[in-house]
Amino acid sequence: VFVNIDTLLSKYDLYIDKKTDLEEQAKIADQSLSGKIEAYKKRAGRFQQEIAEIQQKANTIAPIEMKKMEEKYARQQQDLMREEESLMKQRDNSAMDLDKQLQVTQKDLQTKIDEFLSKVADEKGYDLVLMKGSTGSVMFGRKSLDITDDTIKRLNEEYATSKKSEAEPKETKK
């Protein structure tokens, strides 16, 4: 027998919920970082504009004042460079956090599917359940050997039951 993994993942409610959660977290992280990057770009643009204006007026500025301005702008440039580095670290850390969450989610899903298929194999007397789909190695399987729909139905039923039992203690505490 076989399970079409592409169909299973597209219809398994737990996978859909986890995928939606991860996408939402990625969107929130991206929006948060985008705002910071935009603010940084504005400050960097203003800094560049100020430098250009100072360069145009360089002949009219006293050498002592020019030295003070150079020191001030050197500090500002260092601050901007540190801020840019910080933003890149935040972006990288956010991506790594999401990647870790994705790995945990994938492992959890794989475990749930494996445990479920082991239970089905025991119930039905299957010795082997193959995976068919874009990443599977089964090129063809007769429809009579396809247990995908039943697997999806039962996995979703188990997930709905577990979701309901997780929600019940929260409701009784209110």
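Numbers given to residues run from 1 along each chain, matching the order in which its sequence is written. Restriction of local features to residues with pLDDT of at least 70 applies here, the model being predicted, together with a cutoff of 80 or more for giving and counting side-chain atom pairs; totals for whole chains, interfaces and linings are based on all residues. To get the side-chain values, take all heavy atoms of the structure and skip hydrogens and water.

A. The overall build of the protein, seen in detail. A tally of regular secondary structure across the protein gives four helices and two strands. Ordering the α and β elements of the protein from the N terminus gives β-α-α-α-β-α. Each radius of gyration reported is based on C-alpha atoms, and the globular scaling rule is 2.2 Å times the count of residues to the power 0.38. Its C-alpha radius of gyration of 28 Å places the protein more than 25% over the 16 Å reference for a compact globule of 174 residues. In terms of principal-axis extent, the alpha carbons of the protein reach across some 90 × 50 × 20 Å. Burial classification: accessible surface area is computed with a 1.4 Å probe over protein chains only, and a residue below 20% of its type maximum counts as buried, one above 50% as exposed, and the rest as partly exposed. By the burial criterion, 21% of the 174 residues in the protein qualify as buried. Note on definitions: a residue-residue contact is assigned when non-hydrogen atoms from the two residues lie within 4.5 Å. In the protein, the proportion of contacts linking residues at least 24 apart, taken out of those at least 6 apart, comes to 82%. For every accessible area listed, the method is Shrake-Rupley and the probe measures 1.4 Å; residues are considered covered only by the protein chains on display. Just so you have it, the protein exposes about 12900 Å², and 52% of that area is on carbon and sulfur atoms. Helix numbering and strand numbering both begin at the N terminus, where a helix is a DSSP run of H or I of at least 4 residues and a strand a DSSP run of E of at least 2.

B. Molecular detail of the side chain of N4. Considering the arrangement of structural elements, one finds N4 in strand β1 (residues 2–4). Here N4 is in contact with K132, G133, D146 and T148, once residues within four sequence places are set aside.

C. Quick peek at the packing of helix α2 (residues 13–57) against helix α3 (residues 63–124). Think of each axis as a best-fit line through the C-alpha atoms, taken over the contacting stretch in the case of a helix, with angles from 0 to 180 degrees between the N-to-C directions. In the contact formed by α2 and α3, the axes pass within 11 Å of each other and the chain directions differ by 170°. Looking at the two axes, α2 sits roughly antiparallel to α3. For this scheme, ten residues count as nonpolar: Ala, Val, Leu, Ile, Met, Phe, Trp, Tyr, Cys and Pro. Four count as charged, namely Asp, Glu, Lys and Arg, and the remainder, Gly too, count as polar. Residue composition of the contact of α2 with α3, grouped by class: 20 nonpolar, seven polar and nine charged. Any angle from 65 to 115 degrees is called roughly perpendicular, while one under 35 is roughly parallel, one over 145 is roughly antiparallel, and all others are oblique.

D. Geometry of the environment of N156. Secondary-structure assignment places N156 in helix α4 (residues 148–173). By relative accessible area, which is 14% here, N156 ends up buried. Residues N156 and Q56, spaced 100 residues apart in sequence, show a C-alpha to C-alpha distance of 69 Å. Excluding residues that lie within four positions of it along the chain, N156 makes contacts with K11, Y12, D13 and L14.

E. Inspection of the pattern of salt bridges at higher detail. Any Lys or Arg side-chain nitrogen found within 4 Å of a carboxyl oxygen on Asp or Glu counts as a salt bridge. The tally for this structure, following the rule as stated, stands at 15 salt bridges. Salt-bridge contacts for E85 lead to K89; the nearest nitrogen and oxygen are separated by 3.7 Å. Here the residue E85 and the residue K89 both occupy positions in helix α3, the gap between them amounting to four residues, near one helical turn. Judged by relative accessible area, which is 48%, E85 ranks as partly exposed.

F. Seen up close, the nonpolar core. The biggest cluster of nonpolar side chains holds 14 residues, and the ones touching the most others in it are L8, Y12, I113, L117 and L155. Every element with two or more residues in this core is listed here: α1 (5–11), α3 and α4. Ranked by residues supplied to this core, first place goes to α3 with five residues. Discounting chain neighbours no more than four positions away, the residues touching I113 are L8, Y12 and L155. If you look at the next biggest cluster of nonpolar residues, it comprises 10 residues, including Y40, F47, I54 and L80. Remark: nonpolar core denotes a set of buried residues (Ala, Val, Leu, Ile, Met, Phe, Trp, Tyr, Cys) joined through side-chain atoms within 4.5 Å.

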